[in-house]
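Coordinates in review
Spelled out, the chains give:
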Amino acid sequence: MTKNYEVKPGFSEPSQRVKALKEAILDTTPRIEADRARLITQSYKETESLPQVLRHAKALEKILTELPVVIRDNELIIGAATVDSRSCQIFPEYGPQGLDQEFDTVATRSADPFAISEDVKKELAEIFNYWKGHTTSELATSLMSEDTKAAYNAGVFTVGNYHQGGVGHLAVNYEKVLKGGIRGVIAEVIQAIKNSDHSAPDWVEKEQYYQAALTTLKAVITFAHRYADKARELAKYTNDSTRKTELLKIAEICSKVPEYPASNFYEALQSFWFVQLIIQIEGSGHSISPGRFDQYMYSFYENDDSITQEEAQDLLDVLFVKFNDLNKLRDIGTATAFAGYQLWQNVNCGGQTKDGEDATNALSYMEIESMAHVMMSMPSLSIRVWNGTPDDFLIKACELSRLGGGQPAFYNDEEIVTAKVNRGETLEDARNYAVIGCVEPASQGKENSWCDAALFNLPKVLEIAMNNGRLNGKEFGPKTGEFEDFKTFDDFVNVYVKQMKFAVGLLVRADNAVDWAHYELGQLAFVSTLVDDCISKGKTLERGGAHYNFTGPQGIGSANIGNALMAVKKLVFDDQTLSMKELKEALDHNFGKEEGIAATSSDTAYDAIAEAVKKVLGENSSFDVKNLDLSGLSSGGTSTAVASPEKSKYQKIHDLVMAVDKYGNDKDEVDYLARFGSRVYCEELEKYATPRGGIYNAGLYPVSGNVLFGTYIKATPDGRYDKETIADGVSPTRGTDTLGPTAAANSVSKLDHFIASNGTLYNMKFSPSAVAGSEGVQRLAALIRGFFDRKGGHVQFNVIDKQTLLDAQAHPENHKDLIVRVAGYSAQFIALDKTVQDDIIARTEFDSF
Amino acid sequence: METIDYEKKACVFNIQRYSIHDGPGIRTIIFMKGCPLRCKWCFNPESQSYKPMKDFGTMMSVQDVFDEIKKDQGAYRRSGGGITFSGGEALTHPDFVEEVIKVCRMSGWTTAVETEAYVPEKTIHRLVPQLDYVLLDIKAIPSDLHKEGTGVTNELILQNALIINEIAKNVVVRVPVIPTFNYSEKQINYICRFAKHMNHVETIHLLPYTDFGKSKYKMLDRTYELEGIKPLSADDLLPLRELVEGHGFKCVIGG
Ligand code: SF4
C-alpha cells in the first residue's frame, strides 16, 4: 500500500507543541558543559596501556553510561547531549579548539558565543592539561613540513576543519539500525569475526576493532535503556495525565529501539535519533547528515496503520526541531568564518532510487512541510532533482525557498550521478548519493568522502604567480619570473598553472598529515559500524574501512580568477591599453585606495584572523604567534604613502579593469577563463591518492570562508581591493553580474561541474517581489530546470529584502527567528559575525525587470 | 520552405533578458527604436526617434538578435517563455520583426508584442496572426484627450484594436494610468466599455505611472512635461481595479 500525499499550495501551521519546542530552544543561551570531557578523561586515565581504538570505545561506553539523561518539556523524540538545550560538550581528544585561550571571552565573542561557568572553566583547564601532547591536532601539526605550514598560515589554504576537530561528514547506513536494530549490527560484527582468519597478520588490528565495536554497540543499548528508565521515573512524578501517557509511551519505545528493529514510524524516528545523537557524542566531527531520510524512513510510514498523516507530520516536525538541540564549540576563527551554530545535519529528499526510478514519496513532501513549520537553522534540506522529478514537488520546494529561510538547496542528479560514476562508483551507488554537510554528494552508507578536507584560496595562487613565486614577499614557490616580464598571455597562464601545482602539492601534504593523525589517534568504533565495509574489512573509517574513500578540498574564488585573467588578457595583451608594469604598480598601490578595505573595519575580523592563525600552530611549542607572518593583514606602508595625483592614476586603472567583461554575464571568453582557472585546480588534485586508499576529489564551494580568505590577499587584477572578500563558491563576484539571473546562471553552468565532483555552490538572491505569486514559484522552478539542463550542479536562493537584513543588524532582538542562507547552510542571521552579515547583504539581488 | 533573411537590419535600443512582466514565462524583450507617438509620460524617450543617437540604439541584424536571444533558450523551454517585441513601436519595423518571428518559430519559442497599434491595418493583418500574445496599449478613448497626451488621435488605434481582437491568438489590454491624463474612474470606465467590444479580451493590466524616465529627458535636452507629478503606487490603483473587475475583466496591477 502506498501512502498518498495530497499536495496543496502553501503551508499549514505547525502544532502548539512544535511552536513551544522551538521557542524553548531559541530562548536558551548556549552553554559549555564539561561532563563528556570529564568522563572521557577519567576513562583514558584508566586505559593507558590499551590500543587507541579500544580506549576511545571504552570512553564512549563510560560516557553513554554516565552522561546525564535529560527529557525536556513537551518532547516526544528524546535524547540529548547536554543538560541545557543548544549547549555543547567538549572533545578534548582533538585539542582544545582554542577554548583554552578563550575561557574569558567565549561568552561575549561576536560569533557563536557560549556561556561558561567558573567551575567548568577550572575543570576544563585541568582536563586540557592532561591531554596536552596527545591530541589529534597536535599530532597533525607535528607531521606538517615547514613550507606546508607557511602556506597554511598565509591563507593559501586551510585544513583547519579536521586539524582542529573530528572528521564527521558522513551519511551513514541508518536503515541497518532501523530494520535490524543494534542487535543486528552486533550480529554482523560477530559474523565478521567468524569469517576472519585469526592467524592472518592483520587479525590483531581487526580484533581490536571488533572488540571496540561491540563495546560501543552494547553501550548504545544501555544509553537508550537509561532513557526508558528516566521516562518512567518522570511519568511517576507528573500530575499531567496526557504527559504521563506520553512519557510511558517514550519509555516503551526506548526499551525497544534502537536495540530491536523499529516496527512503526514513531519508533523508527526515535531509533534514528539515537543513532544521529550518539554519532555526535562519539566524535566532534560535524556534518553528520541523515541523507536520504525519505527513502529509508518511508517503509515505516507506509506500513504504519496506527498513524494519520497529521500525526506523522507532527512527529517529523518535532524531530526537525530536535536537530537544533545539538551544538558544538568552535574556536573564534572558525566560528567567524563558518558561523551560525551550525552542525550541517543535511536531510535530503527526492531524486532517483538505486534503480534509476523517481524516488519522490509522501515523506519527501512532508520533509518540505516540516521545514516550513520549523524554520530553524537545522536541519538543512537538499532537494535532489532529476529530469523525472515531478513538477509539483519541485514547485513545492520552490515555495519553501520563497519563505526566505534560504532552504532548501537544489541538486542536479543528472550531473552528480555522472560525476560520481566518473570517480569510480557503481551506477547504483552513485544514484544513491546523499548530500552531506554543505553541498557534498557521497554514496549513502558506503563512502568516507572526507569532503571538507580543506578550503583552498585560488586567487592567492594567482597572487603568487604574479610575484615570481613569492608569498607575501618571501620565497615560496618555483621562480617563474616577474609579472612585468611576461611577454604573452600564455606565459602568465602557464605560470599560474605551475604555481597551482606547487600549492596543491603542499595542500595534499597538509591534508595527509591530518589524515594520519586521525589514523593514529582518532579512530571511532561505533560510527564505523554504520558504513560499509568497515565491519567486513575489520577496519575503522579512519583506517580506510569505507567502501569508497576520498579527500575533498574546496577551491574558492573561481570568479576572481576568471575576471583577473580576463582583465590581464584584454588590457595588457589584446588592447595593449596598459603595460604589465603599470597594472602591477596599480595593484601594489591598491588601485589608489587609501587603506585596504577589510571585510569590516572592526577589530574583530583582525582578532579573528590572528586567532585562526594561532589555532593552526597553537599547540606546537616550536611555533609562536609572535613570529607569524601577518604581513598580508597590514594595509602596508606603500598605500598610505601615495601622493594624491598618483592616486587618481591608479583609480583610472581600476576603472579600466572594472570595464572589462566580468564572469556572470554570459560572456564566453571570461566565463571560460573562470572555468579554466578552477579546472586547473581540480585536475591537479585528482592526481593524488589519499592515505585511506582513495583519490583526491575537488569541490568548488566556500562554506563562508570567502570572507576570511579575502583578508589574506592584496589587490587583484579583477579589480578587487586589498583584503576585500573573494567570490563565494562558483557565484559571480557580488555586484558584477548585471544581466539578470539567467545570464548569471549560464555563466556558472560554463564551469566544469563534473570535475568538481565534491560539490559546487551557487547562491542566487531574489527580492521577494521577483518570486511573488504562483507564477513566481513557477519561474524559480523553470530557472532551476534551465540551469540543470546546462549541467549546473547546485543552486540555492536567498529570498529576503535588503531592508529586513539591515534592520536585523540594527535591532537583532527583533529578529531572533530570521534565518538566512550563508553558503552551504542556513543560519540564524543575528548569530553571524558582522563580516559575514555584510557579505550576505552585498550579494547581487535580482529583482524583476 | 520558409526563407529567413538573417541579414535584415533594424535599430534596436536594448535587449533585456529575464523579463517576467511582458507575457508568460521567462522572456527576453527586444526593444525596437522608433515610435510614432510622443506620450508625455514616455519613460523611454530615447526610443522615440528612429535613428541611433548618442549611446542609444545600434543597428542589429536578425542574426545578431538571434545570437543574443538564443542565450536564454533553456529558460524559455522550461518556463513556456520566449521573445517579446517592444519599443518604441516594434510593429513599425514589420519586415525585421517578421524575420525574427520566423527564427523564434523555428526554435519553438513563443512570441509576444507590446504595441500601441498605431500602424497601418495591413501590418496588423500581416504580423498579429504570427504572434502568440498581443499586449495592446489603450491609453484613452476620447480622441482629443488622446491627442493631447500622445500627440496623435486614436481612431486608427481603436480600429486596429477591434481587428486584433478578431485575429490574435491571445490579447491583453494594458492601460498606463497617468495622473492629469486618465487617472480617473471616468476615463477607465470608457476604456472598459470599449474593451467589452473586444470579446476575446479577458484581462486588463493597469500600469501605475512612474517617473523613472525623467532623468533621460535631461540627457536628451528635452523638458519633462510631467515634472512634479508623483508616481502612483499599486495601492493607488486598487479602486480602479475594482472598477475594472466590476466590468467582468480580470485585472492585474503592474502586469
Ligand atoms: S507609445 Fe510608448 S514608446 Fe511611444 S511615446 Fe508613448 S510611451 Fe513612448
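About the criteria used
Residues numbered from 1 in each chain as written. Chains lettered and ligands numbered in written order. Predicted model: local features only at pLDDT ≥ 70, side-chain atom pairs only at ≥ 80, totals over all residues. Heavy atoms only, no water. UniProt positions renumbered as here; feature names shortened; annotations may be inferred. Pairing = 2+ DSSP bridges. Helix = DSSP H or I, 4+ residues; strand = E, 2+ residues; numbered from the N terminus. Contact = heavy atoms within 4.5 Å. Axes fitted to C-alpha atoms, helices over the stretch in contact; angles between N-to-C directions. Salt bridge = Lys/Arg side-chain N within 4 Å of Asp/Glu carboxyl O. Buried < 20%, exposed > 50% of the residue type's maximum accessible area, 1.4 Å probe, protein only.

Looking at an unreviewed UniProt entry, chain B carries the name Glycyl-radical enzyme activating protein, with the source organism given as Sporolactobacillus shoreicorticis. For chain B, the Sequence similarities (unreviewed entry) comment in UniProt is given as "Belongs to the organic radical-activating enzymes family."

You'll find chain A entered in an unreviewed UniProt entry as Glycyl radical protein, with Sporolactobacillus shoreicorticis given as the organism. Entered under Function (unreviewed entry) in the UniProt record, the comment concerning chain A runs "Catalyzes the conversion of pyruvate to formate and acetyl-CoA."

Residues and elements named next belong to chain A. In space, the 3 strands of this open sheet follow the order E1-E8-E12, with mixed pairing throughout. With partners counted over all chains shown, the strands left at the sheet margins are strand E1 (157–158) and strand E12 (553–556), one partner each. Of the pairings in the sheet, the one linking strand E8 (residues 454–457) to E12 comprises 4 bridges and is parallel in character. Of the residues in E12, the one forming a bridge with leucine 455 is glutamine 554. Packing of helix H20 (residues 458–466) onto the sheet brings it into contact with E8 and E12, and relative to E8 it is tilted by some 40°.

Residues and elements named next belong to chain A. Here valine 385 is to be found in strand E3 (residues 380–385). Along the primary structure valine 385 and isoleucine 784 are separated by 399 residues, whereas in three dimensions their C-alpha atoms are 9.1 Å apart. When residues no more than four places from it in sequence are discounted, the contact partners of valine 385 are Leu394, Phe410, Tyr411, Asn412, Asp413, Glu414, Arg785 and Phe788.

Attention shifts here to the pattern of salt bridges. Counted by the stated rule, this structure contains 65 salt bridges over all chains. Between glutamate 102 of chain A and arginine 109 of chain A there is a salt bridge whose closest N-O contact spans 2.9 Å. Accessibility classification places glutamate 102 of chain A together with arginine 109 of chain A in one group, the buried group. The salt bridge partner of lysine 420 of chain A is glutamate 425 of chain A, with a shortest N-O separation of 3.5 Å. Of the two residues examined, lysine 420 of chain A and glutamate 425 of chain A, each falls in the buried class. Among the ionic contacts, a cluster of salt bridges with common partners joins Asp666, Asp668, Asp671 and Lys750 of chain A together with Arg17 and Asp72 of chain B.

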